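Here's the letter readout for the chains.
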Amino acid sequence: MNGAIKTDEPGPSATPPAINPLAFFPLARGFWRGRTALLAWSLCAGLLGLVIVNVVVQVLITHWHASFFNALEQRHADRLIAGISQLAVLALSAALIAALIVWLRMRLQIAWRGWLSDKLIHMWLSRERFAHLSQVAPQIDAPEFRIAQDVQVAVEPLVEFAVGLANSLLSATAFIVILWTVGGSISLPIAGGIVIPGFMVWVAVAYAVISSGMIAVLGRPLIHAIERKNAAEAALRASMVGIREDAPAIVRAAGEAPKQRLLVGLMQGVVTTWYVIAALLAKLTILINANVTLMPAVPLLACAPLYLNSSMSLGSMMQIAVAFVQTQFAFNWFFDNFIRIADWEASARRVVGLTNAFAESDRRGAKLPTDPW
């Protein structure tokens, strides 16, 4: 092995420095530069354009609800038949747009993951890092797993988060406008009559704050449970890889029994963390299902007084109901994705930790040719 390794390295029991998952972005942003820049930006532009078109189609669907239910209320058979044809066109358009979004999103995920994996493979195999890594950074378990699996988990959600966030922001803007204009104002019979303009917007905001707040309170322990699960899984994998690599020495020393007890204990730790996650998910599922059940009913109950006094048509009430649900989906984007955010954070830390170990290997004496990245 070329290159001397210094002997002042930390032992396996040393506590590694905290890793900032945001350091993943400087590592991975090179995909938008150099020879892959045209592909990356083209896919991003295509996704953004499709997201905008998708929001427009969803807005048109809310207008369809107003037209169809007004025709139903007024018993206009010809308008009902025309409405069915319009719905077929809108449904087909929405399906095609969704398919194109999935295709472009996966193209971007695959290309980005391939680029970053190639970069990490080159870094691992150059400068004799693969030979020094286990001595310099013994806390880095299974670098090949980090390159093959953690890169995927760190890259793919980021693309989905970006697409979902863009869709949520555009949807929230579009449907809040509908709630404000179509919902109009309401007069409360207190203090001589208080008029609240755009009252459905405030109903939507209040409902989102309450439901999201409850989900956040119940869901926060789940994030920590997922982090503990990921750490337990990593410890189990690292020990199994170590046993495979040290197999000849273990056989000579007849040390199978202690290793078996070690792996059984680690596996029990993994199972325990999964039990905790299952219990937390069950509690969270109760709240999420209750929210899904109540969400469509809230706008109907809020608009019922205006419909009963003939201030609002049936079509307008149904349009508001659809816009309200779409607004809630947009408002709840973060809380619908916080479990995946926790998974992403754990994998991003592991990828960044691997590149930090590469730098530590260089500092401790490996050869230093120039990286072409």
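Keep in mind it's a predicted model, so treat the numbers as computed, not measured.

**Brief notes about helix 8 (residues 256-294)**
Over its 39 residues, helix 8 extends 57 Å from the first C-alpha to the last, a length consistent with the 57 Å expected when each residue adds 1.5 Å. Within helix 8, the full set of buried residues consists of V270, T273, I277, L280, L284, L287 and N291.

**Observations concerning the confidence of the model for the protein**
Detailed reading of the predicted coordinates is not advisable wherever pLDDT falls low. Of all residues in the protein, 87% have pLDDT values of 70 or greater, and the mean over the chain is 82. Mean pLDDT values over the elements of the protein span from 68, in helix 4 (residues 129-136), up to 92, in helix 2 (residues 37-74). Note that residues 1-16 has pLDDT below 50 and, in this model, 26 contacts with residues that lie over four places away or in other chains.

**Some points on the environment of L236**
Mapped onto the elements of the fold, L236 is located in helix 6 (residues 199-245). The exposure class of L236 is buried, given its relative accessible area of 10%. Taking C-alpha positions, L236 is 9.1 Å from L262, a pair spaced 26 residues apart along the chain. Those residues within four positions of L236 in sequence are excluded, and the remaining contacts are L263, L266, M267 and V270.

**What to know about the packing of aromatic side chains**
Here the structure, examined in full by the defined rule, presents 13 aromatic pairs. Arranged with centres 5.7 Å apart and planes meeting at 40°, the rings of F25 and W344 form a pair that is tilted. Highlighted residues: F25 in helix 1 (residues 24-28) and W344 in helix 11 (residues 333-363), separated in sequence by 319 residues. Taking 4.8 Å as the distance between ring centres and 20° as the angle between the ring planes, the aromatic pair formed by W64 and F68 counts as stacked. Taken together, the residues W64 and F68, both in helix 2 and 4 residues apart, mark about one turn of the helix. Following the ring pairs from residue to residue traces out a cluster consisting of F31, W32, W41, W112 and W115.

**A word on the nonpolar core**
Core analysis: the largest hydrophobic core is formed by 66 residues, its most contacted members being F24, F31, W112, L116, L120, L179 and M200. Elements that contribute at least two residues to this core include exactly helix 1, helix 2, helix 3 (77-125), helix 5 (143-183), helix 6, helix 9 (297-308), helix 10 (314-331) and helix 11. Discounting chain neighbours no more than four positions away, the residues touching F31 are T36, A37, A40, L108, A111, W112 and W115. Counting 9 residues, the second largest nonpolar core, distinct from the first, contains I215, I226, L284 and A342.

**Some remarks on helix 10**
Given 3.6 residues per turn, any residue in an α-helix points the same way as the ones three and four places further on. The end-to-end C-alpha separation of helix 10 is 26 Å, in line with the 26 Å expected for 18 residues at 1.5 Å each. With 14 of 18 residues buried, helix 10 is to be regarded as a mostly interior element.

Rules of the game
Residues numbered from 1 in each chain as written. Predicted model: local features only at pLDDT ≥ 70, side-chain atom pairs only at ≥ 80, totals over all residues. Heavy atoms only, no water. Helix = DSSP H or I, 4+ residues; strand = E, 2+ residues; numbered from the N terminus. Expected span 1.5 Å × (residues − 1). Buried < 20%, exposed > 50% of the residue type's maximum accessible area, 1.4 Å probe, protein only. pLDDT = per-residue confidence, 0-100. Contact = heavy atoms within 4.5 Å. Phe/Tyr/Trp six-rings, centres within 6.5 Å; stacked < 30°, edge-to-face > 60°. Core = buried A, V, L, I, M, F, W, Y, C linked by side-chain atoms within 4.5 Å.

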